[in-house]
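Reading the structure
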Amino acid sequence: MHYKRILLKLSGEALMGERQYGIDPIRLAEYAQEIKEVTDKGIEVAIVIGGGNIFRGVAGASNGMDRVQGDHMGMLATVINGLALQSALEDANVPTRLQTAIKINEIAEPFIRRKAMRHLEKGRVVIFGGGTGNPYFTTDSAAVLRAIEIGADVILKGTRVDGIYTADPEKFKDATKFSNITFEDVLKKGLKVMDTTAFTLSQENKLPIIVFDMNTKGNLLKLVSGENIGTKVDN
Ligand code: GTP
């Protein structure tokens, strides 16, 4: 296998499947299977999940809500998604632990780096909920932060699009996909991979990011086997 320890970033919206809101149990079960294929190969998997299918702090703020309140609601949304994903993974017989950046001890373990690493070594999938635990930070930032903390080899950012394009492929038919690109070129070309805070944190720590389509079955396994799918951002 190409990687030993990965951090998988999933957006909350991805869990909606065909729905407009909330969680699609079929999609959730599909993701659990994809993740199981990878853990079955002995890869250590940590996951950061967003909360946009339930609540987005930024959207709340644009509707006049206090930004910090909105972000707190968004953090709770990621915990809900984390619980759902944990449940789906356990249905698929994948042992998991959910750790949260905000303390909700009755529901999940608090984030403790050393404990998270021990879980990973024991073959448990560790889901990190609650983002970074701070308002004004995205779950992409949480993904990069946790990936660095636990010494992940790579961040795999699962999206609806199969990589990074010269322009938005959903709007421009002639847009072409990069298979590899440097952090510097992403910035120079003004391409959008993650928000700036998350992106520069990854760059400064030389942590590669691979953007790929999580909705195509088998993609996750192909990636960790070293197949060149999606777009890899590297130094
Ligand atoms: P090892 O001791 O390394 O084998 O890990 P473990 O996770 O099996 O042991 P632990 O006794 O820490 O946890 C047992 C179960 O309790 C696991 O499902 C944990 O996720 C859960 N757990 C541990 N700490 C907390 C906590 O603070 N809150 C909640 N809600 N659950 C916890």
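Residues numbered from 1 in each chain as written. Predicted model: local features only at pLDDT ≥ 70, side-chain atom pairs only at ≥ 80, totals over all residues. Heavy atoms only, no water.

A few points about the overall build of the protein
Under the convention used in this document: Elements are defined by DSSP. Helices are runs of H or I of four residues or more, strands are runs of E of two residues or more, and each kind is numbered from the N terminus. Two things to know: the radius of gyration comes from C-alpha atoms, and the globule rule equals 2.2 Å times the number of residues to the power 0.38. Any two residues whose heavy atoms approach within 4.5 Å at even a single point are treated as in contact. The charge count includes Lys and Arg as positive and Asp and Glu as negative, but it does not include His or the ends of the chains. Charge placement uses NZ in Lys and CZ in Arg. For Asp and Glu, CG and CD serve respectively.
Secondary structure summary: the protein contains 8 helices and 11 strands in total. Computed over the C-alpha atoms, the radius of gyration of the protein is 17 Å, within 12% of the 18 Å expected from 2.2 N^0.38 for a compact globule of 235 residues. Each principal axis of the C-alpha distribution contributes one length, and for the protein these read about 50 × 45 × 35 Å. Pairs at least 24 apart in sequence give 70% of the contacts found in the protein among residues at least 6 apart. Once the 30 positive and 29 negative side-chain charges of the protein are each reduced to a mean point, those two points are 4 Å apart.

So, the packing of aromatic side chains
Note the cut-off: Within 6.5 Å between ring centres, the rings of Phe, Tyr and Trp (the latter by its six-membered ring) count as paired, and their orientation is classed by plane angle as stacked under 30 degrees, edge-to-face over 60, tilted in between. Two limits define a charge over a ring: the Lys NZ or Arg CZ must be within 6 Å of the ring centre, and within 35 degrees of the ring normal.
Using the criterion set out here, one finds 2 aromatic pairs in the structure. Aromatic pair F111 and F128: ring centres 5.5 Å apart, planes at 80°, arrangement edge-to-face. With F111 in the loop between β4 (109-110) and α4 (113-121) and F128 in strand β5 (residues 125-129), this residue pair connects regions lying 17 residues apart in the sequence. Sitting over the ring of F111, R146 keeps its end group 3.6 Å from the ring centre. Here the guanidinium or amino end of R146 rests over the ring plane of F128, the centre of that ring lying 5.7 Å away.

Some words on the sheet that holds strand β6 (residues 154-159)
Here is the rule we go by: By the convention used here, strands pair only if DSSP detects at least 2 bridges between them. The axes are straight lines fitted to the C-alpha atoms, using for helices just the contacting stretch, and the angles between their N-to-C directions are given from 0 to 180°.
If you walk across this open sheet you meet the 9 strands as β4-β3-β5-β2-β1-β6-β10-β11-β9, and the pairing is mixed. Sheet topology places β4 and β9 (180-182) at the edges, where each strand pairs with a single neighbour. In the sheet, strand β10 (residues 209-213) pairs with strand β11 (residues 231-234) via 3 bridges, with the strands oriented antiparallel. Bridge assignment links I209 to a residue of β11, and that residue is V233. Against the sheet, helix α3 (residues 67-91) contacts β1 (5-10), β2 (44-49), β3 (96-100) and β5, and its axis sits at roughly 170° relative to β3. Its contacts with the sheet put helix α5 (residues 139-149) on β1, β2, β5 and β6, and the angle it makes with β1 is roughly 175°.

Concerning the site of the ligand
Selection rule: The nearness test applies per residue and asks whether one of its heavy atoms lies within 4 Å of the molecule or strand. By the criterion applied in these results, polar contacts are pairs of N or O atoms within 3.5 Å in which, for protein atoms, one can donate a hydrogen and the other can accept it, and in which residues neighboring in sequence qualify only through two side-chain atoms. Think of it as three bins: nonpolar holds Ala, Val, Leu, Ile, Met, Phe, Trp, Tyr, Cys and Pro, charged holds Asp, Glu, Lys and Arg, and polar takes everything else, Gly as well.
In the vicinity of the ligand, the contacting residues are R97, N105, E106, I107, A108, E109, P110, K115, R118, H119, K122 and R124. Taking R97, its side chain carries an N or O atom lying 2.7 Å from an oxygen atom of the ligand. In the environment of the ligand, a nitrogen atom lies 2.5 Å from a nitrogen or oxygen atom belonging to the backbone of N105. When contributions to the shell around the ligand are tallied by element, the ones reaching two or more residues are β4 and α4. For the shell around the ligand, the element with the highest residue contribution is α4, accounting for 3 residues. In the shell around the ligand, the residues fall into 3 nonpolar, 2 polar and 7 charged.

With respect to the pairing of β6
The following threshold applies: Exposed residues in this analysis have more than 50% of their type's maximum accessible area, buried residues have under 20%, and partly exposed residues fall in between, with area computed by a 1.4 Å probe over protein chains only.
Taking burial as the measure, the 6 residues of β6 include 5 buried ones, the bulk of the element. Where β1 meets β6, 5 bridges bridge the pair, whose relative direction is parallel. If you follow I6 over to β6, its bridge partner there is V154.

So, to be careful, I would describe these as geometric facts and stop short of saying anything about function.
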